[in-house]
Amino acid sequence: MNAPKQKKVLITGATGLVGQHLIPLLFEKNYEVHILARNLSKAKELYAFPIHIHQWDAISDEAPEDILKKTDVLINLIGEGIADKRWTHKRKALLQDSRIIPTQKLTDALKKSGTKVENYIGASAIGYYKNLTETEQTEEQSAAPGFLGSLCKKWEDAGALIPANRHCHLRIGIVLAQDGGALKSMLPAFRLGLGGELGHGKQWMSWIHVEDLCSLIIEAIENPKLNGPVNAVAPNPIRNAEFTRAISNSLHRPAVIPVPKFGILALFGELSTIMLSSQKISSKKAVESGFTFQFPHIQEALDNILKPNGIVGAFRLPTVQWFSQDQSEVFAFFSEAKNLERITPPWLNFKIVKMSTPQIENQTLLDYRLKLHGVPLKWQTLIESWSPDKKFVDRQLKGPYSVWHHTHSFSSLRNGTLVKDEVIYKIPFGRLGELVRDLWVKHDLQKIFSFRQRVLEKVYGA
């Protein structure tokens, strides 16, 4: 019996927030992943596993016919961030052009090549819907008047012209994620205890955890019931006041300072319509197709993002890397203590000074010394679990972090080994530490893991 064909998925806007969560999942599910990216170096650094990266400036270049005509699934996530900047006339033109022009180019290239994709999945937004206080809105509703409703309709109409056997337009709600989406601009105030309701706080908010959004995109690839417009929102919309309380609960911070409507209007202008609109959007179509939300309720979604492993004030750092070598060989590299020094950047001056056992094993204690921004530090780690060839976990006992819990997982995939790391870490000094993390700790950790990625690529081959 022949194995099923490996589907070829082509993604635009792949280096954005959703793409960064989606692409590792597609790779693990054995899709052949291709992305079109303007910034090749950024894409290669983000994705340390074998996907196909093609350069495309979506405004100035024509879409690549040779790649499109071999594509089974086209996922179109391209577009400047809707809420990133105040809506000037120039900004509104960019928001439209960055979506409509690339989509038209994809259409033209497919028509020119005389081919169809099996499935087109296009991003849209719940900005499509009207500002209705209490009415639950479904996919059958007409588009709202005004800039955002018009933009979403033009965006979907452009996508509907893509030659495809099936079209799915995901009307995406407020995306919740650790380092992007709606929370990115809100969290600094909440971490300082200065958060509060927006306006009267009674407006409905329709939201979705980024992991559920990625799962829904994969569902749209695999489930033909997801066709036409589909609301990508969790099944339990909430009022802004409840959202505020949920963030407060996750961070263990007060949130009692409301932001008056006139202040939001003064700061954000027309963009404030996103913050003050009441949109109670139904997820019935997604649910009835058979899709199951991992995070259907706001508190569990925010706790997962803002309180990983139940630790208040902690952050999550996930990384994924793949090697063509056997799983046991890759695990053996990490079993050698000397290799920990090898994969750590030289600017950290990292040295192992003592080990409690001759080889790393369960309950091994390792003592290090290092320098962080020139400051000498001591670090002691406990290997709290050790499963040869599969997984090990190390936990900081003494060192610069309040919490450092690092899980290393190894699995066979595509005749090679997938290495997944998840670090749960917390900065000392309470609220100040949480804010400092955004200024430099996050970037330091990204540089450390990028260095490790490059070293491992030299050891095993890119």
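Relevant structure appears above.
Note that residues are indexed from 1 along each chain, following the sequence as it is written. Local features in this predicted model are restricted to residues whose pLDDT is 70 or higher, and side-chain atom pairs enter the listing and the counts only when it is 80 or higher, whereas totals over whole chains, interfaces and linings include all residues. Based on all heavy atoms of the structure, the side-chain values leave hydrogens and waters out of the count.

Brief notes about the overall build of the protein chain
Phase 1 of the analysis: A count of helices and strands for the protein chain gives 15 helices and 21 strands.
Phase 2 of the analysis: The C-alpha radius of gyration computed for the protein chain amounts to 23 Å, which stays within 12% of the reference 23 Å derived for 462 residues, consistent with globular compactness.
Phase 3 of the analysis: Burial classification: accessible surface area is computed with a 1.4 Å probe over protein chains only, and a residue below 20% of its type maximum counts as buried, one above 50% as exposed, and the rest as partly exposed. Relative to its full complement of 462 residues, the protein chain shows a buried share of 52%.
Phase 4 of the analysis: In what follows, a contact means two residues having at least one pair of non-hydrogen atoms within 4.5 Å. Of all intrachain contacts in the protein chain linking residues separated by at least 6 positions in sequence, the fraction that spans at least 24 positions is 69%.
Phase 5 of the analysis: Where accessible areas are quoted, they stem from the Shrake-Rupley method and a 1.4 Å probe; at the residue level, only the protein chains shown are allowed to cover. As displayed, the protein chain offers around 21,300 Å² of accessible surface, 54% of which is attributable to carbon and sulfur atoms.
Phase 6 of the analysis: Taken as two groups, the 58 positive and 46 negative side-chain charges of the protein chain have centres that lie 4 Å from each other. Each helix is a run of DSSP H or I of at least 4 residues and each strand a run of E of at least 2, with the numbering of both proceeding from the N terminus. Radius of gyration: C-alpha atoms only; globule rule: 2.2 Å multiplied by the number of residues to the exponent 0.38. Only four residue types enter the charge count: Lys and Arg as positive, Asp and Glu as negative, with His and the chain ends excluded. Taken as the charge location is NZ of Lys, CZ of Arg, CG of Asp or CD of Glu.

Quick word on empty space enclosed by the protein
Gaps between atoms show up when a probe of the same size as a water molecule is rolled over them.
Phase 1 of the analysis: Buried and open spaces are told apart on a 1 Å grid over the protein atoms alone, a cavity being a set of points where a 1.4 Å probe fits but cannot get out and a pocket being an open set with protein on both sides within 12 Å along at least five of seven lines. Residues with an atom within 4 Å of a point are the lining residues. Grid points are joined across faces, edges and corners, and a volume is the space filled by probe spheres set on the points. The tally for this structure, following the rule as stated, stands at 1 cavity of 30 Å³ or more.
Phase 2 of the analysis: Space inside the largest cavity adds up to approximately 570 Å³.
Phase 3 of the analysis: For the largest cavity, the lining is made up of 26 residues, of which T344, F350, W379, W404 and H406 are closest to its centre.
Phase 4 of the analysis: For the lining of the largest cavity, the secondary structure elements donating two or more residues are β17 (365-372), β18 (375-387), β19 (391-398), β20 (403-413) and α15 (430-460).
Phase 5 of the analysis: At 6 residues, the largest contribution of residues to the lining of the largest cavity is made by α15.
Phase 6 of the analysis: Gly is placed with the polar residues, together with every amino acid not listed as nonpolar (Ala, Val, Leu, Ile, Met, Phe, Trp, Tyr, Cys and Pro) or charged (Asp, Glu, Lys and Arg). Residue composition of the lining of the largest cavity, by class: 19 nonpolar, 4 polar and 3 charged.

Some details on the nonpolar core
Phase 1 of the analysis: Core analysis: the largest hydrophobic core is formed by 47 residues, its most contacted members being I11, L22, I23, L26, I35, I75 and L170.
Phase 2 of the analysis: The biggest single contributor to this core is helix α7 (residues 210-222), with 8 residues.
Phase 3 of the analysis: When near neighbours in sequence (up to four residues on either side) are disregarded, I23 contacts I11, A14, V33, I35, Y47, F49 and I51.
Phase 4 of the analysis: By nonpolar core is meant a set of buried Ala, Val, Leu, Ile, Met, Phe, Trp, Tyr and Cys residues that side-chain atoms within 4.5 Å join together. Core analysis: the second largest hydrophobic core is formed by 38 residues, F323, Y368, L372 and L445 among them.

Focus: the environment of S283
Phase 1 of the analysis: With respect to the helices and strands, the residue S283 is situated in the loop between β14 (280-281) and α11 (284-288).
Phase 2 of the analysis: Separated by 49 residues in the primary sequence, S283 and A234 place their C-alpha atoms 6.4 Å from one another.
Phase 3 of the analysis: In contact with S283, not counting residues within four places along its chain, are V233, A234, P235 and F293.

Nothing here speaks to function; it is all geometry.
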